[in-house]
Amino acid sequence: MKSIKPIIFFLLLFILPIAYIFIDSSLHKEKIKMAVGAKDGTYYQDALEYQVELKKEGIELEIVITKGSEEAQDMLLDSKVDFTFVQGGTEKERVLALANVEYEPIWIFYNDENITELKDLKGKKIAISQKGSGIRPTAIELLNLAGVNGFNSTYKNLANNEALEQLEKKEIDAMFYVASPYGSLVPKLMMIPDINLMSFNKSESYKQFFIRRDKNFHIVHLYANSFDIIKQIPKTKHTLLATTATLATYKCSDDMARLMLQIATKVHSHVGI
């Protein structure tokens, strides 16, 4: 009987690691899904690059279009997708953050020369994005700080392209947009005559306020002529508040998490704002 116990012990030492490898590898899918926002956003453009890199590893990536960060996280928690990008400040419990991948400034574009700061949006028609988007709660919170709300102003729940179109036609006075400047609507908005970008002159105050609410906004700078040197766009330096985009999952294998982090390093290695 005594001689059997060491044999059983060594068998367990041999079998358990093999069982773990088998179980973990069974979770390593050959096809995965990633939830992103609209096709005009950077998340979609980033996902296309992930798709190319994953194909090299023999994994097919299906890109799922959503209304934004909040809807994407709901799909993640319902196990309808495997990964998503999460806009900073919209994180939900149980979502597992793998890596911060890029800064996403808060862009406020307007077409009224009398507007220079947030409080000037009082009484205006403002596009705050559609329900399910991560832009919407961020916009509402910032506007509330400046005394602007749905009672003294008109909020429009518009998709980004629709907001751009109405801003250009002067059917609305301002629009909120949260995105990296690359692969998004930002370059197009910057080039439209009579549409201006708001600078956060009180950025430090806003940052300190949100720190007290356990939310971390970053201060970034958009320098003069950074979009077009010849046309001098923008003509002046702008100070912006920014969130961070996070690659997130809910349930995935260790191997898949490691692979996605390797791919994230490749995709997001470019120099950002």
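These figures come from a predicted structure and were not determined experimentally.

**Q** Hey, could you run me through the pattern of salt bridges in this one?
**A** A pair can form between side chains of opposite charge whenever their charged atoms are brought close. Counting across every chain of the model gives nine salt bridges. Put simply, Lys-124 and Asp-112 hold a salt bridge, and the shortest N to O gap is 2.9 Å. Here Lys-124, found in the loop between strand E4 (96-110) and strand E5 (125-127), pairs with Asp-112, found in the loop between E4 and E5; they are 12 residues apart in sequence, far enough to count as distant. For Asp-112, a relative accessible area of 15% corresponds to the buried category. A salt bridge links Lys-169 to Glu-165; its shortest N-O distance comes to 3.0 Å. Given a relative accessible area of 52%, Lys-169 falls into the exposed group. It is possible to trace a salt-bridge network through shared partners that takes in Glu-53, Lys-56 and Lys-266.

**Q** Is there a simple way to explain the packing of helix H4 (residues 135-145) against helix H7 (residues 203-211) in this structure?
**A** Packed helices, taken two at a time, are described by the angle between their axes plus the distance between the axes. Orientation of H4 relative to H7, taken along the N-to-C sense of each, is 110°, at an axis distance of 12 Å. Regarding the angle of H4 to H7, the classification is roughly perpendicular. Handedness of the crossing formed by H4 with H7: right-handed. Touching Glu-141, Leu-142 and Leu-145 of H4 are Tyr-206, Phe-209 and Phe-210, all from H7. Its residues assigned to classes, the contact of H4 with H7 comprises five nonpolar, no polar and one charged.

**Q** I'm lost on the layout of surface pockets in this one. Help?
**A** Empty space among the atoms becomes apparent when a probe as large as a water molecule is rolled across them. In this model, the largest pocket occupies a volume close to 280 Å³. The wall of the largest pocket is formed by 17 residues, among which Met-190, Ile-195, Asn-196, Pro-234 and Lys-235 lie closest to the centre. With three residues, the single largest contributor to the lining of the largest pocket is helix H6 (residues 186-191). Of the residues belonging to the lining of the largest pocket, the class tally is 11 nonpolar, four polar and two charged. By volume, the second largest pocket is sized at about 190 Å³. Taken together, 14 residues form the lining of the second largest pocket, with Lys-29, Val-81, Asp-82, Lys-251 and Cys-252 sitting closest to its centre. By residue class, the composition of the lining of the second largest pocket is eight nonpolar, two polar and four charged.

**Q** Looking at this model, I keep getting lost on the nonpolar core. Mind explaining?
**A** One broad trend across soluble globular proteins is that nonpolar side chains are buried collectively. Formed by 45 residues in total, the largest nonpolar core has its most connected members in Ile-106, Phe-109, Leu-118, Leu-121, Leu-142, Met-175 and Phe-176. Leu-142 has contacts with Ile-106, Leu-118, Phe-176, Phe-200, Tyr-206, Phe-210 and Leu-241, leaving out every residue within four places of it along the chain. Membership of the second largest hydrophobic core comes to 22 residues, among which are Leu-54, Ile-63, Ile-263 and Val-267.

**Q** What should I look at first to understand empty space enclosed by the protein in this one?
**A** For the structure shown, the criterion picks out one cavity of 30 Å³ or more. Approximately 260 Å³ is the volume found for the largest cavity. Secondary-structure elements contributing two or more residues to the lining of the largest cavity are helix H2 (42-56), helix H3 (69-77), strand E3 (83-87) and strand E7 (174-178). Residues belonging to the lining of the largest cavity are distributed by class as follows: nine nonpolar, 12 polar and three charged.

**Q** Any chance you could explain the packing of aromatic side chains here in plain terms?
**A** The geometry of an aromatic ring pair is captured by the separation of the ring centres together with the interplanar angle, meaning the angle of the planes. All chains considered together, the criterion is met by four aromatic pairs. Between Trp-107 and Phe-109, the aromatic rings sit 6.3 Å apart at their centres with planes inclined by 10°, giving stacked as the arrangement. Each residue in the set Tyr-43, Tyr-50 and Phe-85 is aromatic and connected to the rest through ring pairs, giving one cluster.

What counts, and at which threshold
- Numbering of residues starts from 1 in each chain and follows the order in which that chain's sequence is written.
- Only residues with pLDDT of 70 or above have their local features reported here, since the model is predicted, and side-chain atom pairs are shown and tallied only from 80 upward, although totals for entire chains, interfaces and linings are computed over all residues.
- By convention in this description, side-chain values take in all heavy atoms of the structure and omit both hydrogens and water.
- By definition here, a salt bridge exists when the distance from a side-chain nitrogen of Lys or Arg to a carboxyl oxygen of Asp or Glu is within 4 Å.
- Under the DSSP-based scheme used, a helix requires at least four consecutive residues in state H or I and a strand at least two consecutive residues in state E, with every element numbered from the N terminus.
- Working definition: with a 1.4 Å probe on protein chains only, accessible area under 20% of the residue-type maximum means buried, over 50% means exposed, and in between means partly exposed.
- Here an axis means a line fitted to C-alpha atoms, over the contact stretch when the element is a helix, while the angle between two N-to-C directions is reported on a 0 to 180 degree scale.
- Any angle between 65 and 115 degrees counts as roughly perpendicular, while under 35 counts as roughly parallel, over 145 as roughly antiparallel, and the rest as oblique.
- Definitions for this section: a left-handed crossing has its near helix turned counterclockwise from the far helix by less than a right angle. A right-handed crossing has that turn clockwise.
- Note on definitions: a residue-residue contact is assigned when non-hydrogen atoms from the two residues lie within 4.5 Å.
- By the convention adopted, Pro, Cys, Tyr, Trp, Phe, Met, Ile, Leu, Val and Ala count as nonpolar, Lys, Arg, Asp and Glu as charged, and the other residues, Gly among them, as polar.
- A cavity here means a set of 1 Å grid points, computed over protein atoms only, where a 1.4 Å probe fits but cannot escape. A pocket is an open set with protein on both sides within 12 Å along at least 5 of 7 lines, and lining residues have an atom within 4 Å of a point.
- Grid points are joined across faces, edges and corners, and a volume is the space filled by probe spheres set on the points.
- In these notes, a set of buried Ala, Val, Leu, Ile, Met, Phe, Trp, Tyr and Cys residues joined through side-chain atoms within 4.5 Å is what counts as a nonpolar core.
- The aromatic pairing rule takes the rings of Phe, Tyr and Trp, using the six-membered ring of Trp, and pairs them if the centres are within 6.5 Å, calling planes under 30 degrees apart stacked, those over 60 edge-to-face and the rest tilted.

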